[in-house]
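Single-letter residue listing:
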Amino acid sequence: MAAPGALARGAVPGPPTRILDRRFAAQLVTAAEGLLERFGTPDAPGLLKSLRHEADEFPGLFREALRPEFSDAGMYVLRGLPVEDASLGPTPTGWSVAGDAGALWDVVLLLLAAAMGHPMGWRGQQNGRMVNNIVPAPGHENEQTGASSTVLLAPHTEDAFHPRRADLLLLCCMRNHEGVATTASSVRLTDLAPEDVDALSRPMAPILPDDAYTSSALPDEVHACAGTVSPQPVRTLWPTPDGLTIRFDPAYTRFDGTDAAYRAAYARLEAELSRVVRAVALEQGDVLVVDNDVVVHGRVPFRSRYDGTDRWLKRALVHVPHRRGRPESERAEHGYGQPVIDPYCDGT
Ligand SMILES: [Fe+2]
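For the protein chain, the name recorded in an unreviewed UniProt entry is Oxygenase, with Streptomyces shenzhenensis as its organism. Per UniProt, the protein chain carries the Sequence similarities (unreviewed entry) text "Belongs to the clavaminate synthase family." Under Cofactor (unreviewed entry), UniProt gives the following word-for-word description of the protein chain: "Fe(2+)".

Laid out in structure tokens, this is it:
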């Protein structure tokens, strides 16, 4: 198979950029400060319940600027949040020691997520926090998770193993002084033969939970479930009226039960995703908004220093209610027992 994530140079322009009006940015920060003052922490149930009301108060023009509609690029950069080094504090050396570092921006990100849909999270990811810190961590440099640094983080769909994976992924840049690139490839910019699309639309290979789900506290019964359920083959691609859609995570995909035609088509898909990849070097205050059904994302390797100045992103996930297009068969999947947190739904 093609080396996943190999960067094609110069062929594809950067993602569309939407500039955040300064007044709206200031309004967001003021609303976030007010919520933090009232509730104390971004994960307080009262704060999560208040997000919808706060987001509904945003001016119509602001909501228009955030609308989760995309070109075939499947992503855009929202630019203009006033994140500053001086008030931010050092980059934490791992999510497990981050605590409430940069909590104001957690709330800002949750407000943006609430304006686009339902903010959601995972009980088994970063101890169930709604906004996750993506920072390099000592000892994890070579993993295929957000805690890595020295290896290329292979392109993937966020939480591809689960039928209730997010519709949208938000990556907010706290600090990225060296311009370490996030990689992003839209399946709608690829050029695949109809036979390859057909081959990859068959449920052939299971995708297992990634390593980030083994390091968080989960109830014993969930670990028991994850350890005993049978992996379920899933579709890699499926066509929709809006275009081609993808569910992809080669680092955690089991290919042992697949046939040669599927593997050859998968290799051609990987090559196409590499051909159309965009290297997005997020700047401080940028939010990359990604359609998780259209774009696979990763990261180029970099050298971490653990001196408080390393690259630091915050990640939020969004469920967009009534969005259509995923295969009906996904409804029967077990999701390896990983429970979703959705403050606006029943939490199952
Ligand atoms: Fe990811």
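After presenting the structure, the write-up continues.
1. Regarding the overall build of the protein chain
Along the protein chain, the regular secondary structure elements total 8 helices and 16 strands. Since a compact globule built from 348 residues should have a radius of gyration of about 20 Å, the 19 Å found for the protein chain is in line with a globular shape. Relative to its 348 residues, the protein chain shows a buried fraction of 54%. For the protein chain, the proportion of contacts with a sequence separation of at least 24, taken over those separated by at least 6, is 87%. Here the protein chain displays about 14,500 Å² of accessible surface, and carbon together with sulfur accounts for 52% of that area. The average position of the 34 basic charges and that of the 45 acidic charges among the side chains of the protein chain differ by 2 Å.

2. Let's talk about the coordination of the iron ion
The protein atoms that coordinate the iron ion are His156 (NE2), Glu158 (OE) and His297 (NE2), at distances of 2.1 to 2.2 Å. Expressed as a motif, the donor residue spacing for the iron ion is H-x1-E-x138-H. With glutamate 158 in the loop between β5 (153-156) and β6 (168-175) and histidine 297 in strand β14 (residues 295-299), this residue pair connects regions lying 139 residues apart in the sequence.

3. Side note on unusual backbone geometry
One non-glycine residue, glutamine 126, lies in positive phi territory at about 50°. Within the secondary structure layout, glutamine 126 lies in the loop between β3 (118-122) and β4 (132-134). Since its relative accessible area comes to 7%, glutamine 126 is described here as buried. One non-glycine residue, histidine 322, lies in the positive phi region at around 65°. Tracing the backbone through its elements, the reader meets histidine 322 in the loop between β15 (312-319) and β16 (340-341).

4. Remarks on the confidence of the model for the protein chain
A residue-level look at the protein chain finds 91% of positions with pLDDT of 70 or above and a mean pLDDT of 88. Confidence, expressed as mean pLDDT per element, reaches its minimum in the protein chain at helix α7 (residues 220-228) with 54 and its maximum at β6 with 98. Per-residue pLDDT stays below 50 along residues 1-10; that stretch engages in 25 contacts with residues further than four places along the chain or on separate chains.

5. Describing the nonpolar core
Grouped together as the largest cluster of nonpolar side chains are 47 residues, with contacts concentrated most on Leu28, Leu81, Leu111, Leu112, Met116, Leu170 and Val287. Put simply, the parts of the chain that give this core at least two residues each are α1 (22-39), α2 (45-56), α3 (60-66), β2 (75-79), α5 (103-116), β6, β13 (287-291) and β15. Per-element accounting of this core gives the leading share, 11 residues, to α5. The next biggest cluster of nonpolar side chains, apart from the first, holds 44 residues, and it includes Val187, Ile207, Tyr262 and Leu269.

6. Examining the environment of threonine 236
Summarising the element assignment, threonine 236 is placed in the loop between β9 (233-234) and β10 (237-240). For threonine 236, a relative accessible area of 3% puts it in the buried group. Along the chain, threonine 236 and leucine 269 lie 33 residues apart, while their C-alpha atoms are 9.7 Å from each other. A distance of 2.6 Å separates polar atoms of two side chains, one belonging to threonine 236 and the other to tyrosine 262.

7. A short note on the sheet that holds β5
By definition, the strands of a sheet pair up through backbone hydrogen bonds, in either a parallel or an antiparallel sense. Judged by pairing direction, the sheet is antiparallel, and its 4 strands sit side by side in the order β5-β14-β7-β12 without closing on themselves. Either end of the sheet is taken by a strand with one partner, and the two such strands are β5 and β12 (278-280). Across this sheet, the average inter-strand angle for adjacent strands is 20°, counted without regard to direction. Bridge analysis of β5 against β14 gives 2 bridges, and the strand direction is antiparallel. Paired with leucine 153 across the bridge in β14 is arginine 299.

8. As for the pairing of β14
Among the 5 residues of β14, 5 are classified as buried, and the element is accordingly described as predominantly covered. With 5 bridges joining them, strand β7 (residues 182-186) and β14 adopt antiparallel strand pairing. Each bridged residue has a counterpart across the sheet, and for alanine 184 the counterpart in β14 is histidine 297.

9. Digging into the UniProt feature "binding site: 2-oxoglutarate" (unreviewed entry) in the protein chain
This chain's UniProt record puts "binding site: 2-oxoglutarate" (unreviewed entry) on Thr182, Arg311 and Arg315. With the annotated positions falling across 134 residues, the maximum pairwise C-alpha distance of 13.1 Å places them together in a single cluster. Its location among the elements puts arginine 311 in the loop between β14 and β15. Here arginine 311 falls in the buried class, since its relative accessible area comes to 8%.

Quick notes on the rules
- Along each chain, the written sequence defines residue order, and numbers are assigned to residues from 1.
- Local features in this predicted model are restricted to residues whose pLDDT is 70 or higher, and side-chain atom pairs enter the listing and the counts only when it is 80 or higher, whereas totals over whole chains, interfaces and linings include all residues.
- The basis for every side-chain value is the complete set of non-hydrogen atoms in the structure, without hydrogens or water.
- UniProt positions are given in the numbering used here, feature names are shortened, and annotations may be inferred rather than shown by experiment.
- Helix and strand definitions here come from DSSP, where helices need a minimum of 4 consecutive H or I residues and strands a minimum of 2 consecutive E residues; each element is numbered from the N-terminal end.
- Radius of gyration means the value over C-alpha atoms here, while the globule rule gives 2.2 Å times the residue count to the 0.38 power.
- Classification of residues uses two cut-offs on accessible area relative to the type maximum, computed with a 1.4 Å probe and protein chains only: under 20% is buried, over 50% is exposed, and between them is partly exposed.
- Residues count as neighbours in contact if any of their non-hydrogen atoms are within 4.5 Å of one another.
- Note on areas: Shrake-Rupley with a 1.4 Å probe; residue coverage comes only from the protein chains shown.
- We score Asp and Glu as negative and Lys and Arg as positive, and we do not count His or the chain ends.
- Taken as the charge centre is NZ of Lys, CZ of Arg, CG of Asp or CD of Glu, depending on the residue.
- Water is absent from the atoms considered, so a metal site may look incomplete; donors are defined as N, O and S atoms within 2.8 Å of the metal, or 3.2 Å for Na, K and Ca.
- As a per-residue quantity, pLDDT reports the predictor's confidence and falls between 0 and 100.
- Here, nonpolar core means buried Ala, Val, Leu, Ile, Met, Phe, Trp, Tyr and Cys residues that are tied together by side-chain atoms lying within 4.5 Å of each other.
- Side-chain atoms alone can form a polar contact between residues adjacent in sequence; in general such a contact is a pair of N or O atoms within 3.5 Å, and within protein one must be able to donate a hydrogen while the other accepts it.
- Two strands are said to pair when DSSP picks up at least two bridges between them.
- Only the stretch in contact is used when a helix axis is fitted, and all axes are lines through C-alpha atoms; the angle between N-to-C directions ranges over 0 to 180 degrees.

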